[in-house]
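Here is how the chains run, residue by residue.
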Amino acid sequence: MSDCLIDPVRLSALLGAGRGRFDVVALPECDSTNAVLLQQSASAPSGRVIVADRQTAGRGRRGRVWHSAPADTLTFSLLWRLANEPARIAGLSLAVGVAVAQALEHCGVAGVALKWPNDVLLGASGAGKLGGILIELASDRAATAAIIGIGLNLHQPPAADGFGLPAAALDAAGPVPERHVLLAALLDALACTLDRFVAGGFAAVRDDWQSRHVWQERPVRLLGDSTTTDSAVVEGRCLGADSDGALLLALPDGRIERYLVGDVSLRAA
Ligand code: BTN
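The rules behind these values
- Residues numbered from 1 in each chain as written.
- Predicted model: local features only at pLDDT ≥ 70, side-chain atom pairs only at ≥ 80, totals over all residues.
- Heavy atoms only, no water.
- Helix = DSSP H or I, 4+ residues; strand = E, 2+ residues; numbered from the N terminus.
- Buried < 20%, exposed > 50% of the residue type's maximum accessible area, 1.4 Å probe, protein only.
- Contact = heavy atoms within 4.5 Å.
- Areas by Shrake-Rupley, 256 points an atom, 1.4 Å probe, with all protein chains shown as cover.
- Core = buried A, V, L, I, M, F, W, Y, C linked by side-chain atoms within 4.5 Å.
- Domains from an automatic or database assignment.
- Expected span 1.5 Å × (residues − 1).
- Phe/Tyr/Trp six-rings, centres within 6.5 Å; stacked < 30°, edge-to-face > 60°.
- Salt bridge = Lys/Arg side-chain N within 4 Å of Asp/Glu carboxyl O.
- Polar contact = N/O pair within 3.5 Å; in protein donor to acceptor, adjacent residues only side chain to side chain.
- Axes fitted to C-alpha atoms, helices over the stretch in contact; angles between N-to-C directions.
- Parallel < 35°, antiparallel > 145°, perpendicular 65-115°, else oblique.
- Left-handed = near helix turned anticlockwise from the far one by under 90°.
- Pairing = 2+ DSSP bridges.
- Near = heavy atom within 4 Å.
- Nonpolar A, V, L, I, M, F, W, Y, C, P; charged D, E, K, R; others polar.

A. The overall build of the chain, seen in detail. Looking only at helices and strands, the chain features five helices and 12 strands. Considering the chain as a whole, with its 269 residues, one finds that 54% of them fall into the buried category. Expressed as a percentage of contacts within the chain between residues at least 6 apart in sequence, the contacts between residues at least 24 apart total 65%. Total accessible area on the chain is roughly 11300 Å²; 53% of this is exposed by carbon and sulfur atoms.

What follows is the structure, encoded as structure tokens:
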């Protein structure tokens, strides 16, 4: 019997497409599930999952802190070894977003949307940030190990931060799926989506991303990071993601510009 909120044996019995492909370790607490897996990246098998009830130093994108609370959040990281060329790994966080959205939909959650590059939103017009994805890479000569960190709010955590968006939680959308059922759906969807990504890059799942893209054809503002404040760099009409995951913006002068995943973030204009 596990003394954590997740029991790996119970989880394993719920897996479908992902059965036999994951090696799940449940921890009551750690600093960051991404940090734990990064430390293990040289030796851990592809498919190692670290799921923690509590993170004391959960990491978000752009150096931010990701708050997690036992019972209110589901936080885990997955190590996956990829043979893709480094240039094709750029679209991975978008592909993972597709897997998260499909898993939530499989569990009966309606109104899930995706925002470039790594946000999972919930509610009318993507009202709030339900979860985030943080991918960190550990490479050697043979392959790249992607550490895929996913945090989802099940119930509204007191310290939740939507990083510029209101925070959202699954309990706003209806009954919260039981956490083993939810994690199994996530791992099944990740196994399928990562197979597609390894075979065809982000292009293989682009249509699934575009159909859930919250600001398709809408006016947006792209912000650059200046350590203290976000500074507006450009506005345009959002055309979604290119076949490699780059953001596509139609500028007021008619040019279409591509922006790569990096220290930029996107807002509704
Ligand atoms: C973001 O929206 O900026 C990304 C948030 C990612 C949070 C998850 S929680 C599990 C994993 N471990 C971490 O330290 N971060 C990711």
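Anyway, onward from the coordinates.
B. Here's a closer look at the environment of L27. Inspection of the secondary structure puts L27 in strand β1 (residues 23-30). Through-space distance from the C-alpha of L27 to that of A52 is 4.7 Å; in sequence the pair is 25 residues apart. In this structure, L27 is in contact with C4, I50, V51, A52 and D53, ignoring residues within four places of it in sequence.

C. The nonpolar core, seen in detail. In this structure, F76, L104 and L187 are the most contacted members of the largest nonpolar core, which totals 69 residues. Here this core takes 11 residues from helix α4 (residues 179-200), the largest share from any one element. Summarising the domain contributions, this core has at least three residues from each of domain 1 (8-211) and domain 2 (218-268).

D. Geometry of helix α3 (residues 92-106). Here α3 is 15 residues long and its end C-alpha atoms lie 21 Å apart, about the 21 Å a rise of 1.5 Å per residue gives. Among the 15 residues that make up α3, 12 are buried, leaving the element largely enclosed by the rest of the structure. If you check which residues of α3 are buried, you get L92, S93, L94, A95, V96, G97, V98, A99, V100, A101, A103 and L104. After α3 finishes, the residue G108 shows a positive phi value of roughly 90 degrees.

E. Expanded view of the packing of aromatic side chains. Scanning the model with the defined rule gives one aromatic pair in all. Geometrically, the ring pair formed by F22 and W80 is tilted, given 5.8 Å between the ring centres and 40 degrees between the ring planes. In this pair, F22 is assigned in the loop between α1 (8-14) and β1 and W80 in strand β3 (residues 73-82), connecting sequence segments 58 residues apart. Of the two residues examined, F22 and W80, each falls in the buried class.

F. Examining the pattern of salt bridges more closely. The full count for this structure, using the stated rule, is 15 salt bridges. The partner of D119 in a salt bridge is K129, and the shortest N-O contact between them spans 2.5 Å. On the criterion of sequence distance, the pair formed by D119 in strand β5 (residues 119-122) and K129 in strand β6 (residues 128-139) is long-range, its members being 10 residues apart.

G. Region of interest: helix α2 (residues 33-40). When we look at burial in α2, the residues that qualify are T33, N34, A35, V36 and L37. In this structure S32 caps α2, since a side-chain oxygen of it lies 3.2 Å from the backbone nitrogen of N34.

H. Representation of the packing of α3 against α4 in the model. Viewed as axis vectors pointing N to C, α3 and α4 meet at an angle of 140 degrees, and their least axial separation amounts to 8 Å. Between α3 and α4, the interaxial angle falls into the category oblique. As α3 runs across α4, the sense of the crossing is right-handed. In this structure, α3 uses L92, A95, V96, A99, V100, Q102, A103, L104 and H106 to contact α4, whose residues at the interface are L182, A185, L186, A189, L190, T193, L194, R196 and F197.

I. Expanded view of the sheet that holds strand β7 (residues 144-153). Read from one edge to the other, the open sheet built from seven strands follows the order β1-β2-β3-β7-β6-β5-β4, with strand pairing classed as mixed. With one partner strand each, in any of the chains shown, β1 and β4 (112-115) form the two edges of the open sheet. Each strand of the sheet is rotated relative to its neighbour by a mean of 20 degrees, with strand direction disregarded. As paired strands, β1 and strand β2 (residues 48-55) are joined by seven bridges and run parallel to one another. Bridge pairing links D23 to R48 in β2. On the sheet, α3 packs against β3, β4, β5, β6 and β7 and is oriented at approximately 135 degrees with respect to β6.

J. Structural detail: the pairing of β6. Most of β6 is tucked away: nine of the 12 residues are buried. Bridging between β5 and β6 involves four bridges; their strand directions are antiparallel. Following the sheet pairing, D119 is matched in β6 by G132.

K. The site of the ligand, seen in detail. In the region of the ligand, 21 residues are neighbours, and S32, Q55, R59, R61 and K129 sit closest. T33 places a side-chain nitrogen or oxygen 3.0 Å from a nitrogen atom of the ligand. With respect to the ligand, the backbone of R59 contributes an N or O atom lying 2.7 Å from an oxygen atom. Here the ligand loses 100% of its free accessible area of 420 Å² to cover by the protein chains. Within the residue set of the shell around the ligand, elements represented by two or more residues are α2, β3, β6 and β7. A total of four residues in the shell around the ligand trace back to one element, the largest contributor, which is β6. Residues that form the shell around the ligand fall into these classes: six nonpolar, 12 polar and three charged.

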